[in-house]
Amino acid sequence: MRVAREIISFSQQEMQSRNFNVLKEIGVKVGKLSCIDPESLRFAFDMLKKETELSGTELKIETVSIEAVCRSCGREFIIDEFVFICPGCGSYEVEVRKGEELIITHLTFE
Ligand SMILES: [Zn+2]
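Notes on the structure follow. The structure presented is a predicted model; accordingly, all values stated were derived computationally and were not measured.

Another aspect to go through is the coordination of the zinc ion. Here the zinc ion is held by Cys 70 (SG), Cys 73 (SG), Cys 86 (SG) and Cys 89 (SG), and the distances to it run 2.3 Å. Classification of the site at the zinc ion as tetrahedral follows from its 4 donor atoms and the range of 105 to 116° in their angles at the metal. On the primary sequence, the residues serving as donors to the zinc ion are separated as C-x2-C-x12-C-x2-C. With Cys 70 in strand E3 (residues 66–70) and Cys 86 in the loop between strand E4 (76–79) and strand E5 (94–98), the pair connects residues that are 16 residues apart, well separated along the chain.

See the structure below:
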């Protein structure tokens with residue numbers, strides 16, 4: 001809910017500062033480690049947007065995999081199923097590089 005609200009207020013500010021009346025689409029990237037469930041985010045967004053000038057705006061959500069690098073052997077890999085073990089050397093010393101973020105990637109105005 002809070003995240004959806006932030007996306008909406010950010011987009012409203014952008015619309016105002018750029019003098020657009022219609023926002024067609026908002027693109028966001030959601031990391032798998034960000035604790036945000038894409039379906040709940042879409043649901044909250046669709047509910048909140050009705051009260052605003054974004055009622056016709058589409059939210060496009062892309063999920064970002066968890067990318068990690070091994071501190072022991074330097075191997076870079078994608079983490080599935082939340083197993084934080086290096087597939088190369090079996091080390092637990094892995095560092096997460098990507099997957100914790102929520103980024104607004106684009107706003108499409110009309
Ligand atoms: Zn390793």
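Turning next to the pattern of salt bridges. Side-chain pairing between opposite charges can occur once the charged atoms of the two side chains come close. Taken as a whole and assessed by the stated rule, the structure comprises 7 salt bridges. We note a salt bridge from Glu 93 to Arg 71, for which the minimum N-O separation is 3.8 Å. Of this pair, Glu 93 sits in the loop between E4 and E5 while Arg 71 is found in the loop between E3 and E4, placing the two residues 22 residues apart along the sequence. Note on Arg 71: relative accessible area 53%, which makes it exposed. Connected via shared salt-bridge partners are Arg 71, Glu 93 and Glu 95.

Let us look at the packing of helix H1 (residues 2–18) against helix H2 (residues 38–49). The interhelical angle for the contact between H1 and H2, taken along N-to-C directions, is 50°, at an axis separation of 8 Å. With respect to their mutual orientation, H1 and H2 come out oblique. As for how H1 packs across H2, the hand of that crossing is right-handed. Taken together, the residues of H2 that come into contact with H1 (itself represented by Val 3, Ala 4, Arg 5, Ile 7 and Ile 8) are Leu 41, Ala 44, Phe 45, Leu 48 and Lys 49. For the contact of H1 with H2, a count of residues per class yields 8 nonpolar, no polar and 2 charged.

Another point: the environment of Arg 42. Here Arg 42 lies in helix H2. C-alpha separation for the pair Arg 42 and Gln 13, spaced 29 residues apart in sequence, amounts to 20 Å. Apart from the residues within four sequence positions on either side, Arg 42 is in contact with Leu 59 and Ile 61.

Here we take up the pairing of strand E1 (residues 23–31). Looking down a regular strand, the side chains alternate between one sheet face and the other. Direction of pairing for E1 relative to strand E6 (residues 102–109): antiparallel, over a ladder of 7 bridges. Across the sheet, residue Val 28 finds its bridge partner in E6, namely Ile 104. Read as a crossover between parallel neighbours, the route from E1 over H2 to strand E2 (residues 58–64) is right-handed.

Let us now look at the side chain of Ser 91. By secondary structure assignment, the location of Ser 91 is in the loop between E4 and E5. Taking the relative accessible area as the measure of exposure, Ser 91 reaches 12% and is therefore buried. A polar contact is formed between the side chain of Ser 91 and the backbone nitrogen of Glu 93, at a distance of 2.9 Å.

About the thresholds
Residues numbered from 1 in each chain as written. Predicted model: local features only at pLDDT ≥ 70, side-chain atom pairs only at ≥ 80, totals over all residues. Heavy atoms only, no water. Donors = N, O, S within 2.8 Å, 3.2 Å for Na, K, Ca; no water. Tetrahedral: all angles 85-135°; square planar, octahedral: opposite > 155°, others 65-115°. Helix = DSSP H or I, 4+ residues; strand = E, 2+ residues; numbered from the N terminus. Salt bridge = Lys/Arg side-chain N within 4 Å of Asp/Glu carboxyl O. Buried < 20%, exposed > 50% of the residue type's maximum accessible area, 1.4 Å probe, protein only. Axes fitted to C-alpha atoms, helices over the stretch in contact; angles between N-to-C directions. Parallel < 35°, antiparallel > 145°, perpendicular 65-115°, else oblique. Left-handed = near helix turned anticlockwise from the far one by under 90°. Contact = heavy atoms within 4.5 Å. Nonpolar A, V, L, I, M, F, W, Y, C, P; charged D, E, K, R; others polar. Pairing = 2+ DSSP bridges. Right-handed = clockwise from strand over helix to strand, strands pointing away. Polar contact = N/O pair within 3.5 Å; in protein donor to acceptor, adjacent residues only side chain to side chain.

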